[in-house]
Amino acid sequence: MKKLSGLFFALLLVAPIFAQTREDILVHIPPVMAARPDHAMFFKENFDAETLAASYALTDNINEADYVLRLEVRQNMVLYEDGFEEPAPPDEPQFLLQVTLIQREGDVEMVAFGFPFTEVEEMYEFNLFLLYQAMANVPLTRLGDLEIQDDLWRNKWFYIRLSLDLPFTVHALRDVREVWLTNADGSQNRNERPLPLHHVVDYNAGVTLGFELQYLHWMSSELALLVRFGDPLSNAFIPGLGVQVKFPIKPERHFMLEPYLMGQVQLNTVQGVHIPPGSVGGGMQFGVRGGPMGAFFVDANFMYTLGNIRTPSPYAARGFDYPERIPWNRWVISFGIGYKIGFVDRPPYIPRRERENPNGEY
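First, a word on scope: everything that follows refers to the structure included in this document. These figures come from a predicted structure and were not determined experimentally.

With that settled, the discussion passes to the packing of helix 2 (residues 37–53) against helix 3 (residues 127–135). The interhelical angle for the contact between helix 2 and helix 3, taken along N-to-C directions, is 65 degrees, at an axis separation of 10 Å. Considering the relative orientation of helix 2 and helix 3, their crossing is right-handed. Of the residues in helix 3, those touching helix 2 at Phe42, Phe43, Asn46, Phe47, Glu50 and Thr51 are Asn127, Leu128, Leu130 and Leu131. The class makeup of the residues in the contact of helix 2 with helix 3 is six nonpolar, three polar and one charged.

A contiguous patch of negative charge on the surface is contributed by Glu119, Glu121, Glu122 and Glu125. With respect to the secondary-structure elements, glutamate 122 resides in the loop between strand 7 (108–117) and helix 3.

Attention shifts here to the environment of arginine 346. Relative to the helices and strands, arginine 346 is located in the loop between strand 21 (325–345) and helix 5 (352–356). Separated by 190 residues in the primary sequence, arginine 346 and lysine 156 have C-alpha atoms spaced 5.1 Å apart. Each residue touching arginine 346, except ones within four places of it in the same chain, is listed here: Leu152, Asn155, Lys156, Trp157, Gln214, Tyr215, Leu216 and His217.

Attention now goes to the packing of aromatic side chains. Counted under the stated rule, the structure contains nine aromatic pairs. Ring geometry for phenylalanine 42 against tyrosine 124: centres 5.1 Å apart, planes inclined by 85 degrees, an arrangement best described as edge-to-face. Of the two residues, phenylalanine 42 is situated in helix 2 and tyrosine 124 in the loop between strand 7 and helix 3; the sequence distance between them amounts to 82 residues. A residue is classified by how much of its surface remains accessible, and phenylalanine 42, at 11% relative accessible area, is buried. Taken together through their ring pairs, the aromatic side chains of Phe42, Phe43, Phe95, Phe117 and Tyr124 make up a single cluster. Against the face of tryptophan 157 rests arginine 346, its NZ or CZ located 4.6 Å from the ring centre.

Here we come to helix 3. For helix 3, the buried fraction is high: seven of the nine residues fall into the buried class. Listing the buried residues of helix 3 in full gives Asn127, Phe129, Leu130, Leu131, Tyr132, Ala134 and Met135.

Rules used throughout
Counting from 1, residues in each chain are numbered in the order their sequence is written. Thresholds applied to this predicted model are a pLDDT of at least 70 for local features of residues and 80 or more for the giving and counting of side-chain atom pairs; totals over whole chains, interfaces and linings are not thresholded and use all residues. The side-chain values count all of the structure's non-hydrogen atoms but skip hydrogen atoms and water molecules. Under this scheme, a helix contributes an axis fitted over its contacting stretch, all axes are lines through C-alpha atoms, and angles between N-to-C directions fall in the 0 to 180 degree range. To qualify as a helix, a DSSP run of H or I must reach at least 4 residues; to qualify as a strand, a run of E must reach at least 2; elements of each kind are numbered from the N terminus. Put simply, a crossing is left-handed when the front helix is turned counterclockwise from the back one by less than a right angle, and right-handed when it is turned clockwise. Between two residues, a contact is recorded if the distance between any of their heavy atoms is within 4.5 Å. Under the scheme applied, nonpolar residues are Ala, Val, Leu, Ile, Met, Phe, Trp, Tyr, Cys and Pro; charged residues are Asp, Glu, Lys and Arg; polar residues are all the others, including Gly. Excluding any residue in a salt bridge, patches collect residues exceeding 30% relative accessible area, merging like charges within 9 Å and nonpolar Val, Leu, Ile, Met, Phe, Trp and Tyr side chains within 5 Å. Areas reported as accessible are Shrake-Rupley estimates using a 1.4 Å probe. Residue values count occlusion only from the protein chains shown. The working definition used for a salt bridge is a side-chain nitrogen of Lys or Arg within 4 Å of a carboxyl oxygen of Asp or Glu. Within this scheme the basic residues Lys and Arg register as positive and the acidic residues Asp and Glu register as negative, but His and the chain ends are omitted. In this description, the location of a charge corresponds to atom NZ of lysine, CZ of arginine, CG of aspartate or CD of glutamate. Here a pair means two rings of Phe, Tyr or Trp (six-membered ring of Trp) with centres within 6.5 Å. Their orientation is stacked below 30 degrees between planes, edge-to-face above 60, and tilted elsewhere. For every residue, the accessible area obtained with a 1.4 Å probe (protein chains only) is divided by the maximum for its type, and the residue is called buried under 20%, exposed over 50%, and partly exposed between those limits. Counting as a charge over the ring demands two things of the Lys NZ or Arg CZ atom: a distance within 6 Å of the ring centre and an angle within 35 degrees of the ring normal.

Structural measurements only, silent on function.
The following block contains the structure:
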């Protein structure tokens, strides 16, 4: 019972370590040295299976292995204080399984220990525990720092972003139907006919230059200068300044998702046209690794202008006094493609649970 209790608690401690994939670690298990063929076959087959179950990769070629796990079955001997040695008595375990882990690089013996037994059947419940004991000092992956380096492209403190944009702008005509015509004698006639105007949907080119600060692993902010070449209603150059709050999602090493909220202030450069200064919206940025410092990305967002845009009435010259200006709602759906380059590496992200329990003792 003491052995079983110790095994249970040991598995609780080491199980979180083996929950991760270690398929890039190559392990070679040579034939087991044993006087009895059944012992050699049992431990070779069993440790092969347990090693694969622990997510390591087995190799038959010792020259390509990262680690060698040597197994030897010996007669269990009792050593007395006077140096006399004899086989263990019948009421003690008769055999000793010697486990040795060797790191191939440098031929370093990392750990060695023995475990007593009598019948191989009783070892079914201990072989996995013995494997965990032997492999406890093996790193999670032989890539080590390489994995961290490969992930630095999306873990920078500061980014500069440049993108080419294609915004589709929709100007939705408000319900303007009632106009007045001033007659020559000064009287006014009411005209119920709808104005012959239509909603305007158009696209133009744009460029965005952004400066992003990633102050948390899961949050960053970007200040963006937006330039739109030609508004659909006014055909004018309209610059804007936007602020994005992003929430990076980093599920894999080679891509990143960044949903974000956005506010924007656009400058009115058009004479005679009222353009509200503020817009709000949100979007999604999808980035893929573009070298060790940055990412290529595609971006899609939606912006809604707060308030009505008002343009001069095209009917003023025909004697219509009202409305003096035509009101519109405006929203923009924009698509972009670009690259952002990062500077100054952030420290690698470690989940809070692992920071508080670095040894995996949960």
